[in-house]
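Now for the letters of each chain:
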Amino acid sequence: MQEINQNFPSVVASLSRMKVNDSIKDEILANQRMVPPGKSLMALNGALINIEDIDLYRLFDLVHQGLSFADQFSKVKIPEHTIRRLLSTSPPSESSTLRIDFRSSHVHYLNNLEEDSMYKRWRSNVNEILMPTFPGQLRYIRKNLFHAVYIIDPATTSGLEAIDMIMNLYENQFPMRFGVILYSTTFIESFEKNGGDINVSASASSAEEDISSMIIRLFIYIKDHHGVKTAFKFLSNIHSESGDLGEEAPEKHHVEGAFIDALLPKSKSPPQDVLLKLEQEKPSEDVAHDSSRFVFKLGLANRKCCLLLNGLVYNSNEEALVSAVNDELPRIQEQVYYGNIDSHTDVLDKFLLESGVSRYNPQIISDAKSKPKFVSLAKSILDEGSALHEISYLHSPESSDNVKPVTQLLAIDLTTMKGMKLLREGIRYLLDGSTKARVGVLFSPSMATDSPAFLFVKIFQVTTSLYSHKQEVLKFLDELCSLYEHDYLQKSSSQTEIMKAFIEKVSDLADAHKLPSRNYQSLMMESSVVDLQNHLNKVALFLRKHLGHDSSLNAVITNGRVTGLVEENTLLSYDLHLLESLEFKQRIKHISEIIEGLKWEDVDPDSLTSKFISDIIMLVSSSMSTRDRSGEAARFEILHATYSAVVLKPENSSIHIDAVIDPLSASGQKLTSLLRILWKSFQPSMRIVLNPLSSLVDLPLKNYYRYVVPTMDDFGSSDYAVNGPKAFFANMPLSKTLTMNLDVPEMWLVEPVIAVHDLDNILLENLGETRTLQAVFELEALVLTGHCFEKDQEPPRGLQMILGTKSAPHLVDTLVMANLGYWQMKVSPGIWYLQLAPGRSSELYLLKEDDGGSQRTTSSKRIIIDDLCGKVVHLEVEKRKGKEHEKLLVSADDDDQSHERKKDSESSWNKNLFKWASGLIGGGQQPKKTDSTELDSKTGRHGTPINIFSIASGHLKFINLQVIFVDADQVVRADMGELYDMDIKGKPLAYTPFCDNNKDMDGYRFWRQPSYVKRSSCSALYVVDLVKFRQTAAGDTLRVFYETLSKDPNSLSNLDQASYPATSEAYSLDKFWFVRISGGVCTSVENSVDLAPNYLLESLDLPNYAQHTVPIFSLPQEWLWCESWCGNATKPRAKTIDLCNNPMTKEPKLQVLLSEILFSIAVVGLLGYGFGFTFRFGNYLKFFFHLLYLLSDLQGARRIIAEWTDLDLEARRFTARILGEEMDPLEQPAPPPQAQSKKIEHASSQIDMESKAEL
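Since the structure is predicted, the reported quantities are computational estimates derived from the model, not experimental observations. In every chain, residue numbers begin from 1 and rise along the written sequence. Reporting in this predicted model follows two pLDDT cut-offs: at least 70 for local features of residues, and 80 or more for side-chain atom pairs to be given and counted; totals over whole chains, interfaces and linings ignore these cut-offs and use all residues. Remark: hydrogens and water are excluded; side-chain values derive from all non-hydrogen atoms of the structure.

## A word on the overall build of the chain
Applicable threshold: Helix and strand assignments follow DSSP, with helices taken as H or I runs no shorter than four residues and strands as E runs no shorter than two, numbered in order from the N terminus. The rule is simple: take the accessible area with a 1.4 Å probe, protein chains only, and divide by the maximum for that residue type; under 20% is buried, over 50% is exposed, in between is partly exposed. In this description, contact between two residues means that some pair of their heavy atoms is separated by no more than 4.5 Å. Residue burial considers only the protein chains on display, and all accessible areas are found by Shrake-Rupley using a 1.4 Å probe.
Across its full length, the chain holds 38 helices and 36 strands. Counting every position in the chain, which comprises 1255 residues, the buried fraction comes to 52%. Of the contacts made within the chain by residues no fewer than 6 positions apart, 78% connect residues no fewer than 24 positions apart. Only carbon and sulfur atoms are counted for the fraction: they give 50% of the accessible area of the chain, which is about 59,900 Å².

See below:
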């Protein structure tokens, strides 16, 4: 197959004469009822692989990962067939759709779309939701499809504003069911003061009832006696009574007035008497407190005021509600379309049963931007000396003999209050009851051996090792923690008497809970101290290995998932229940079912204890959580594979590959090579099903293909030479024009380093007798990409970032784009550090680093490039305190900036450029003295030559500078330093307007059409102020405009692009840069995303079309003269002359353009630097030299540019010298056209001398 599809043009004739077996045809047609014809698919151990992005390195990583898991599982005696089954299990579903199960009696609904009479005119058919509507139009269906429940503290301004919004939407018949859950912030704060004990009584938590609890109590009373609508009216009245109090809570008399106003039309007795009675008796007080406890249990109290739309958490404002409805609508439509929701389905119950969780904790319910941290515990479990083998696990009462698929490892620092809090919550978690989980405690060794903390660890160890099966052991440990926390936590060391008193108190606690107390009396022995110290050292190694620099952090490891506690974050017993249910449902359940149903072989039956099985489940689930695997899967076994498939089944292979391939497709060429390499390297089992197109209207493949990989033969046996992989193409057609392209991974930047011939236009019959061609390519760099985001905000557009090493922190830089916060940089393998650039970016923002749900700010982020696959980095930033309302893109003072730039330019325009450029290109050596410098001295001009660089050569590296773009077909007749020094009035761009004094061309001035902007400029010469360009994010703005304009095929059809296609490569051929450094550290221009692509700025339409957003400064007309649009009267004053197209005469511009490019090459060569061009000139240099002789009679250039004769002669001489040829001494330049006046000749002669002096 590989031989055919990689050489298809040569073998197609013989293949067309072959007859296909009918059995093969029938089987292919049968398979194509399930897979579209021509579709190619590939799966590794059941997981689909994106064949468009896959490369050999990525594929090898996946295979090595699978083999590593198989090796770990085999060491614990798991059979081979079970290993293959485990490796084929699907990964967890995305957690971004997890919903909070808020169903309870504490939800107070305002309306019911299915029962209320105000909605009786609406249609009840749920299929109406599939009907097309205008964007944003609501669907009025008499069905509770959207449940908007607000979590509100009624004594806050945000809560009362949410009530007003609810009432307004309800009165306007918004098609949604509204409800509230009320809570008291003051009451919940009392929980935290009492250690989060939700059973604390109201009298103990607050001596006087707070306003929020009072409002909740009165709300419940009104709802029970006068209906829910009156109760909501009461809440709305509170906002009216209190008025604008800002952040202050309403006072008691406001609440009483709102109560009286709400009951006055309803109550038979005076509302004042009812209120007085309620104040004395306080009915529903417990219900009000229970409502607050329920919100605390849900974990939503810290969000102040929020919205639960069908259980999904959002902000409480109206914009968030509309956004939530738009997000939820497609999910409901999908369920209705597939028949999972009909008119009788309770939508809320269905969603919460499928993906509901009992509590909200953003550390645990992670989103797509913040993935949880997973670690593999396999090596620690397989290591007999690991600390995990010395842990005695705690269980819920009467469940110690059961298999526990979930293992919660608590890493505890006993010297902190937070550590003790986590330990107590872990014990309460088991006291609440858990039949699926066990708890192990790992104490951080940050304590002295004579401290109470060390003694506490010994007591805890003795208790868990000897009495973990006892009924009262958990209550004993809970009281032990309370005793230590109140009496000994703050003591770092203690006297012997106090330690003995501690042991006596522990013995009394043990007796009270029916535990033998005699074992605690020997805890002061020296041998037990040594044993415990060794254990703590093992724990330290375990934590350092799995938690890294956060080894002293209080954390929870749930079957390999790390949840750390930083800052004020804490985990309650409810959070541990959430971790258990979430991890069991998503990652552990299917693994537990396989392991528990396993028939063990070669294992001692006596060792098959519940602890052994639980350890195996922990090993497998933690290892599988670290794998990089697609969530998509396909059932390849349903495809027939008798006649049209290749099946390979080696024995004991743990890696299985399924593939569906169209053999005559571009993906088929690549996949056949990859599969062949995998077979040679790993011998996996394979099932390859052929899926060709059923009919063809053209040749499916018109190219030759080779896939090359490094081999041992590439490394020299006698030296250290590395030759690199090679691709050979033989028996190629001689008379066909061929193009050589590379199919490399997306993250690779590859360029040719040796290419004598044009690789885009290869004609073998023109290559001479040998008719062979050789090209060498080099991997220049890898691409580091990423997305930068700020929580609850738009991406930080224009944020500057730098990348480097510790010794050189700024080697590469970039800007964050508005589109998804995208950014990219060039890197090579190694350790890099990403930082915010000095200046406004670092003054406003801090980097945030996520580590297993815990976040911390940092000055730099370490990025390790350890493979050739590149890397995608998700980077979160946050505003510094006090800078939350400041904007990043704030312009500096234009006048000061312009003055400072001018001042700097006077001293460094020529000096800095020449010094920097010569060091960069000439390797630090001083440039050789040339004819041009001698000419400088003769004409009296001083300073160094202007240096001309290619836009694609990659030699420009800068941070803050001004760039002048000049077309390669222009002749410069003035000092470009004047243009650099010009004040462009704070504009990011400066262009020369089209001149209009050539009256013969009036009918061709397309920019005067009504559809064009009033002021149109020419892109042949323009200036970019990069400081202003970056401050205003002009690059992002131009990209948005370009994306719009590019959809119109005529938008870029301007006069200056008539002779060549609108591609970035063509533009780069037509550009040179004149640059001056204005200070700052250097970076690569071609990789800085703050500059728009060349063709963006080159395009005539784009800068003119966008000038109302990206303003343009108009340069003086003398800076650009063009024969097509400008009259001869202004020509003597012209500082540059452009050889633009003439739409009236249609004189080919290419004639002039190619010769001018050769002249530019010659000019650069005269500078004496001798560096090679990388923008195709290195490949096409010989080609251009041959063209010189074909284009020797360039009358257009001679007519337009008076000094062209001398310049052309100079270029001819230089070309002859490069080619080693003798120039005919009798050859003289053709005289200039006689039509030119003497005055013009004289001015041109002066300009010619000035240009030569500059060079």
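The structure having been displayed, the exposition proceeds.
## Some remarks on the environment of Lys223
Within the secondary structure, Lys223 sits in helix α9 (residues 211–226). Take Lys223: its relative accessible area is 26%, and that puts it in the partly exposed class. The spacing of Lys223 and Phe234 is 11 residues in sequence and 9.8 Å in space, taken between C-alpha atoms. Once residues within four sequence positions are removed from consideration, Lys223 is found in contact with Val107, His108, Val228 and Ala231.

## Brief notes about the pattern of salt bridges
The condition that has to hold: Within this document, salt bridges are pairs made up of a side-chain nitrogen of Lys or Arg and a carboxyl oxygen of Asp or Glu, the two lying within 4 Å of each other.
This structure, assessed with the given rule, holds 32 salt bridges. Salt-bridge contacts for Lys252 lead to Glu279; the nearest nitrogen and oxygen are separated by 3.7 Å. Taken together, the positions of Lys252 in helix α11 (residues 252–263) and Glu279 in helix α12 (residues 271–281) put the pair 27 residues apart, joining distant regions of the chain. The class for Glu279 is partly exposed, based on a relative accessible area of 21%. When the shortest N-O distance is used, the salt bridge between Lys985 and Asp983 registers 3.8 Å. Among the ionic contacts, a cluster of salt bridges with common partners joins Arg99, Glu328 and Arg331.

## Quick look at the sheet that holds strand β21 (residues 812–815)
Heads up, the rule is: Strand pairing is defined by DSSP finding a minimum of two bridges between the two strands. Interaxial angle, 0 to 180 degrees, is taken between N-to-C directions of lines fitted to C-alpha atoms, where a helix line uses only the stretch in contact.
Judged by pairing direction, the sheet is antiparallel, and its 4 strands sit side by side in the order β21-β20-β23-β26 without closing on themselves. Strands with a single pairing partner mark the edges of an open sheet, and in this sheet they are β21 and β26 (860–865). Direction aside, the axes of adjacent strands within the sheet are offset by 25° on average. As judged from the 6 bridges shared by strand β23 (residues 830–836) and β26, these two strands associate in the antiparallel manner. Following the sheet pairing, Ile831 is matched in β26 by Ile864.

## Things to note about the nonpolar core
Proteins that are soluble and globular tend to have nonpolar side chains buried together. Going by this rule: Side-chain atoms within 4.5 Å link the members of a nonpolar core, which is a set of buried Ala, Val, Leu, Ile, Met, Phe, Trp, Tyr and Cys residues.
Counting 119 residues, the largest nonpolar core has Ile78, Leu414, Leu423 and Phe456 as the members making the most contacts within it. Excluding residues that lie within four positions of it along the chain, Leu414 makes contacts with Met420, Leu423, Phe443, Met447, Ala453, Phe456, Val457, Tyr484 and Leu489.

## Quick look at the side chain of Arg424
By secondary structure assignment, the location of Arg424 is in helix α17 (residues 417–431). On the basis of relative accessible area, Arg424 is assigned to the buried category, the value being 15%. Those residues in contact with Arg424 that lie beyond four places of it in its chain are Asp478, Cys481, Ser482 and Glu485.

## Here we look at the packing of α11 against α12
Stated formally: By the definition adopted for this analysis, an angle is roughly parallel if under 35 degrees, roughly antiparallel if over 145, roughly perpendicular if from 65 to 115, and oblique otherwise. Two helices that cross are described as forming a left-handed crossing if the nearer one is turned anticlockwise from the farther one by less than a right angle, and a right-handed crossing if clockwise. Asp, Glu, Lys and Arg are counted as charged, while Ala, Val, Leu, Ile, Met, Phe, Trp, Tyr, Cys and Pro are counted as nonpolar; the rest, among them Gly, fall into the polar class.
Relative orientation of the contacting elements α11 and α12 amounts to 130°, with a least axis distance of 9 Å. Comparing the axis directions of α11 and α12 gives the class oblique. In this structure, the crossing between α11 and α12 has a hand that is right-handed. Between α11 and α12, the residues in contact are Lys252, Glu256, Phe259, Ile260 and Leu263 and Pro271, Gln272, Val274, Leu275, Leu278 and Glu279, respectively. Of the residues belonging to the contact of α11 with α12, the class tally is 7 nonpolar, 1 polar and 3 charged.

## Here's the deal with the state of the cysteines
As a reminder, the rule being used: Here, the term disulfide refers to a pair of cysteine sulfur atoms separated by no more than 2.5 Å.
On inspection of all chains with the given rule, the structure shows 1 disulfide. A sulfur-sulfur separation of 1.7 Å characterises the disulfide bridge that pairs Cys995 with Cys1126. Taking the sign of the S-S torsion, about -80° here, the bridge from Cys995 to Cys1126 comes out left-handed. Of the two residues, Cys995 sits in the loop between β31 (989–993) and β32 (1017–1025) while Cys1126 sits in the loop between β35 (1121–1122) and β36 (1136–1138), which places them 131 residues apart along the sequence. Neither residue differs from the other here; Cys995 and Cys1126 are each classed as buried.

## Quick look at the confidence of the model for the chain
Definition in use: For every residue, the pLDDT score states the predictor's confidence, bounded by 0 at the bottom and 100 at the top.
Taken over all residues, the pLDDT of the chain has a mean of 78, while the share at 70 or more is 77%. A low-confidence stretch, residues 200–207 (pLDDT under 50), is modelled with 10 contacts involving residues beyond four sequence positions or located in other chains. Here residues 1232–1255 is modelled with pLDDT under 50, and outside its nearest four sequence neighbours on either side it reaches 43 contacts, counting other chains as well.

## Structural notes on the sheet that holds β36
The pairing of strands in a sheet comes from backbone hydrogen bonds and takes either a parallel or an antiparallel form. If you walk across this open sheet you meet the 3 strands as β30-β36-β35, and the pairing is mixed. Edge positions in the sheet fall to β30 (970–972) and β35, since each of these pairs with one other strand and no more. Examined bridge by bridge, β35 and β36 share 2 bridges and lie parallel to one another. By the bridge assignment, Cys1122 is partnered in β36 with Asp1138.

## Digging into α12
Which entries qualify depends on this criterion: This arc describes the spread of directions from the helix axis toward the C-beta atoms.
For α12, the set of buried residues is Pro271, Val274, Leu275 and Leu278. Down the axis of α12, the smallest arc covering the buried residues is 100°, so these residues share one side. Exposed and oriented more than 90 degrees from the buried face of α12 are Leu276 and Gln280. Buried residues belonging to α12 abut α9 and α11. Following α12 by one or two positions, Lys282 adopts a phi angle in the positive range, close to 50°.

## Focus: the environment of Ala633
Position of Ala633 relative to the elements: it lies in the loop between α23 (610–625) and β15 (645–648). When the C-alpha positions of Ala633 and Leu44 are compared, they lie 9.6 Å apart, and in sequence the two are 589 residues distant. In this structure Ala633 touches Gly46 and Leu48, once residues within four positions along its chain are discounted.

## Focus on the packing of aromatic side chains
Defined as follows: Geometry of aromatic contacts follows a simple scheme: Phe, Tyr and Trp rings, the Trp one being its six-membered ring, pair when their centres are within 6.5 Å, and the pair is stacked under 30 degrees between planes, edge-to-face over 60, tilted otherwise. Criterion for a charge above a ring: Arg CZ or Lys NZ at most 6 Å from the ring centre, at most 35 degrees from the ring normal.
If you walk through the whole model with that rule in mind, you get 18 aromatic pairs. Pairing Phe234 with Phe259 gives two aromatic rings, centres 6.2 Å apart and planes at 85°, and the pair type is edge-to-face. Remark: Phe259 occurs in helix α11 and Phe234 occurs in helix α10 (residues 228–242); sequence separation between them is 25 residues. Taken as a pair, Phe234 and Phe259 share a single burial class, namely buried. Counting every residue linked through ring pairs, the aromatic cluster contains Phe443, Phe456, Phe460 and Tyr484. Taking the ring centre of Tyr109 as reference, the NZ or CZ of Arg177 above it sits at 3.8 Å.

## Some remarks on the pairing of β23
Across 4 bridges, the pairing between strand β20 (residues 800–804) and β23 is antiparallel. Looking at the pairing, Leu803 lines up with Leu834 of β23.

## Considerations on unusual backbone geometry
Phi angles above zero are rare outside glycine, and Lys514 is one such case at about 60°. Locating Lys514 in the fold gives a position in the loop between α20 (496–512) and α21 (526–547). Take Lys514: its relative accessible area is 73%, and that puts it in the exposed class. The phi dihedral of Leu820 falls on the positive side, at around 60°, and the residue is not glycine. Here Leu820 lies in the loop between β21 and β22 (822–827).

## A closer look at the environment of Gln835
Within the fold, Gln835 resides in strand β23. Between the C-alpha atom of Gln835 and that of Leu846, which follows or precedes it by 11 residues, the distance is 9.2 Å. Non-local contacts of Gln835, meaning those with residues more than four positions away in its chain, are made with Met801, Ile802, Pro809, Leu847, Ser859 and Ser860.

## Description of the pairing of strand β7 (residues 306–309)
Along a regular strand, successive side chains alternate from one face of the sheet to the other. Burial along β7 is two-sided: the face carrying Cys306 and Leu308 and the face carrying Leu307 and Leu309 are both buried. As judged from the 4 bridges shared by strand β5 (residues 147–152) and β7, these two strands associate in the antiparallel manner. Counted as the bridge partner of Ala148 is Leu309 from β7. Hairpin connection from β7 to strand β8 (residues 312–315): 2 residues lie between these consecutive antiparallel strands, with Asn310 at a positive phi of about 55°.

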